Amino acid sequence: MIIVLRPDVTQDQVDHILDEITKLDLRPHVSTGEERTIIGVIGEEDVIRTLPVEAYPGVENVIPILKPFKLVGREFKPANSVVKVGDVRIGGDAFTVAAGPCAVESREMTLRIAETVHGLGAKVLRGGAFKPRTSPYSFQGLGEEGLKYLAEARERTGMPVVTELMDPRHVPLFDEYADMVQIGARNMANFTLLKEAGKMQKPVLLKRGMMSTVKEFLLSAEYVCSEGNMNVVLCERGIRTFETETRNTLDISAVPVIKQLSHLPVFVDPSHAAGRDDIIESLSLAAVAAGADGIIVEVHPEPEHAKSDGAQALVPEQFAEMMHKMRAVAQAVGRKV
Ligand code: PEP
Ligand code: MN
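To start, this report covers the structure provided alongside it. (Residues numbered from 1 in each chain as written. Chains lettered and ligands numbered in written order. Predicted model: local features only at pLDDT ≥ 70, side-chain atom pairs only at ≥ 80, totals over all residues. Heavy atoms only, no water.)

### Quick notes on the layout of surface pockets
Its volume calculated, the largest pocket comes out at about 440 Å³. In terms of lining residues, the largest pocket is bounded by 20 residues, among which Ile-42, Gly-43, Glu-45, Ile-48 and Lys-70 are the most central. Residue contributions to the lining of the largest pocket peak at four residues, all from helix α7 (residues 214–226). Among the residues making up the lining of the largest pocket, the classes are represented as 11 nonpolar, two polar and seven charged. Structurally, the lining of the largest pocket is a two-domain feature, drawing no fewer than three residues from each of domain 1 (2–63) and domain 2 (83–332). Estimated volume of the second largest pocket: approximately 320 Å³. Lining the second largest pocket are 21 residues; nearest its centre among them are Pro-132, Arg-186, Arg-237, Arg-247 and His-272. (1 Å grid on protein atoms, 1.4 Å probe; cavity = no way out; pocket = protein on both sides within 12 Å on 5 of 7 lines; lining within 4 Å. Points joined across faces, edges and corners; volume = space filled by probe spheres on them. Helix = DSSP H or I, 4+ residues; strand = E, 2+ residues; numbered from the N terminus. Nonpolar A, V, L, I, M, F, W, Y, C, P; charged D, E, K, R; others polar. Domains from an automatic or database assignment.)

Written out as structure tokens, the structure is:
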């Protein structure tokens, strides 16, 4: 439910309403706009219905939120959200490129690729230190050591780093080293992990599960936001279909659809959608044109020797060429890479 307050509402009246809401174990979210202050009320719907909201002094009107997702929905917040990652602002006019290796493999490689992608216009460094691999015998990532190399790359380049959290026991490590916490496709419906990410003070990059609908995806984001962390970027990374030419099928429609339904910024991951390097440029250009707020893309100095996802990694030359073309498309649609 959204409570719209009168323009002349007093602080005492606001405090009274907030008291009444919290007494029932419901959670209020106050947003102060230029003309109006509104209070979003989140919690069990049967309990919300018992609030005699219209009777409270200072209330102008009450709007029920009809969609299953509340905090992430446009009904709750009509204006686009901007999510800050370090000094980088995701959303708004900017089109943000996050780039780097699938996995942090060594200190030298991480520092080298960080400097390369930074020089070519990437604003955020990606790299997994804990990797969700299909086989337990595949490279699982360098763990804490990998996080330290990412932090060192941030010191050198100034780029904030995004890296995947798979285990709630690693939260203190991520608090220390990461700038943005990635929740991977395989964990999109790991509700315990989502709640832990929601309690963190770091922005979250939430990837769409490969078998999840947009509604399920937005409800997962709702888990993070309902714990108090509204700094969520949603990432379309391809879904499973009958098609076998690509690793997944990039659901490009998800970009404008999610933009209609939610105020949160939307990213596209062309790498995990394609699974092959030769079409990543096309998918990235499509992402810019479709209204995405950025991409997260895998770049590796020597893909043939990559410890994971080599087939879909761009070499720096391909990345440079792609950045060049993305700038042109971005300009055509009023965005800035
Ligand atoms: C990744 O970004 O490295 C990754 C594993 O992505 P996803 O969770 O989308 O498969
Ligand atoms: Mn990968």
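### Brief notes about empty space enclosed by the protein
A complete count under the given rule lists one cavity of 30 Å³ or more for this structure. Here the largest cavity defines a volume of roughly 30 Å³. As for the largest cavity, its lining consists of Arg-126, Gly-127, Gly-128, Lys-131, Val-162, Thr-163, Glu-164 and Gln-182. Considering every element that reaches the lining of the largest cavity, the biggest residue donor is strand β9 (residues 161–164), with three residues.

### As for the coordination of the manganese ion (ligand 2)
Looking at the metal site, the manganese ion (ligand 2) is ligated by Cys-102 (SG), His-272 (NE2), Glu-298 (OE) and Asp-309 (OD), spaced 2.0 to 2.4 Å from it. Read from N- to C-terminus, the donor residues coordinating the manganese ion (ligand 2) fall into the pattern C-x169-H-x25-E-x10-D. Remark: Asp-309 occurs in the loop between β14 (294–298) and α11 (316–332) and Cys-102 occurs in the loop between β7 (96–100) and α3 (107–119); sequence separation between them is 207 residues. (Donors = N, O, S within 2.8 Å, 3.2 Å for Na, K, Ca; no water.)

### Things to note about the side chain of Glu-164
Relative to the elements of secondary structure, Glu-164 occurs in strand β9. Buried charged residue Glu-164 carries no salt bridge. Nearest counter-charge: Lys-131, at 5.1 Å. Here the side chain of Glu-164 touches Gly-184 through a polar contact of 3.5 Å, landing on its backbone nitrogen. (Buried < 20%, exposed > 50% of the residue type's maximum accessible area, 1.4 Å probe, protein only. Lys, Arg positive; Asp, Glu negative; His and termini not counted. Salt bridge = Lys/Arg side-chain N within 4 Å of Asp/Glu carboxyl O. Polar contact = N/O pair within 3.5 Å; in protein donor to acceptor, adjacent residues only side chain to side chain.)

### Focus on the nonpolar core
Among the nonpolar cores identified, the biggest contains 76 residues, and Val-97, Leu-206, Val-297, Phe-319 and Met-326 are the most heavily contacted of them. The dominant element in this core, judged by the number of residues it contributes, is α7, at six residues. Residue-level mapping places this core at the junction of two domains, with at least three residues from each of domain 1 (2–63) and domain 2 (83–332). Each residue touching Met-326, except ones within four places of it in the same chain, is listed here: Phe-95, Val-97, Ser-284, Leu-285, Val-288, Ile-295 and Val-337. Counting 15 residues, the second largest nonpolar core, distinct from the first, contains Ile-21, Ile-39, Leu-51 and Val-59. (Core = buried A, V, L, I, M, F, W, Y, C linked by side-chain atoms within 4.5 Å. Contact = heavy atoms within 4.5 Å.)

### Quick word on the pattern of salt bridges
Within the structure shown, the criterion is met by 23 salt bridges. Linking Glu-196 and Lys-199 is a salt bridge whose minimum nitrogen-to-oxygen distance equals 3.4 Å. Here the residue Glu-196 and the residue Lys-199 both occupy positions in helix α6 (residues 191–199), the gap between them amounting to three residues, near one helical turn. Here Glu-196 falls in the partly exposed class, since its relative accessible area comes to 26%. Connected through salt bridges with shared partners, the residues Arg-107, Glu-108, Glu-152 and Arg-156 form a single ionic network.

### Brief notes about unusual backbone geometry
Phi is positive for Asp-25, which is not a glycine, with a value near 65°. Inspection of the secondary structure puts Asp-25 in the loop between α1 (11–23) and β2 (27–32).

### Considerations on the pairing of β7
Of all five residues in β7, five are buried, a share of seventy percent or more. Here β7 shows a buried face lined by Thr-96, Ala-98 and Gly-100 and a second buried face lined by Val-97 and Ala-99. Of the pairings in the sheet, the one linking β7 to β14 comprises five bridges and is parallel in character. Bridged to Thr-96 within β14 is Gly-294. (Pairing = 2+ DSSP bridges.)

### Quick notes on the pairing of β9
The two faces of β9 match: Val-161 and Thr-163 on one face and Val-162 and Glu-164 on the other face are all buried. Inspection of the sheet shows strand β8 (residues 124–126) paired to β9 by two bridges, in the parallel sense. The residue bridging Arg-126 from the neighbouring strand is Val-162, located in β9. In terms of strand pairing, β9 meets strand β10 (residues 180–183) through three bridges, oriented parallel. Each bridged residue has a counterpart across the sheet, and for Glu-164 the counterpart in β10 is Gln-182. Viewed along the sheet, the connection from β9 through helix α5 (residues 171–177) into β10 turns out right-handed. (Right-handed = clockwise from strand over helix to strand, strands pointing away.)

### A short note on the site of ligand 1
By nearness alone, every residue bordering ligand 1 is listed as Arg-126, Lys-131, Pro-132, Glu-164, Gln-182, Gly-184, Ala-185, Arg-186, Lys-207, Arg-237, His-272 and Glu-298. In this structure, Arg-126 approaches ligand 1 through a side-chain N or O atom, which is 2.8 Å from an oxygen atom. Ala-185 is positioned such that a nitrogen or oxygen atom in its backbone is 2.7 Å from an oxygen atom of ligand 1. For ligand 1, the accessible surface in isolation is 300 Å², of which the surrounding protein chains cover 97%. With respect to the detected pockets, ligand 1 is housed in the second largest pocket. Here the residues of the shell around ligand 1 sort into two nonpolar, three polar and seven charged. (Near = heavy atom within 4 Å. Areas by Shrake-Rupley, 256 points an atom, 1.4 Å probe, with all protein chains shown as cover. Sits in = over half its atoms within 2 Å of the grid points.)

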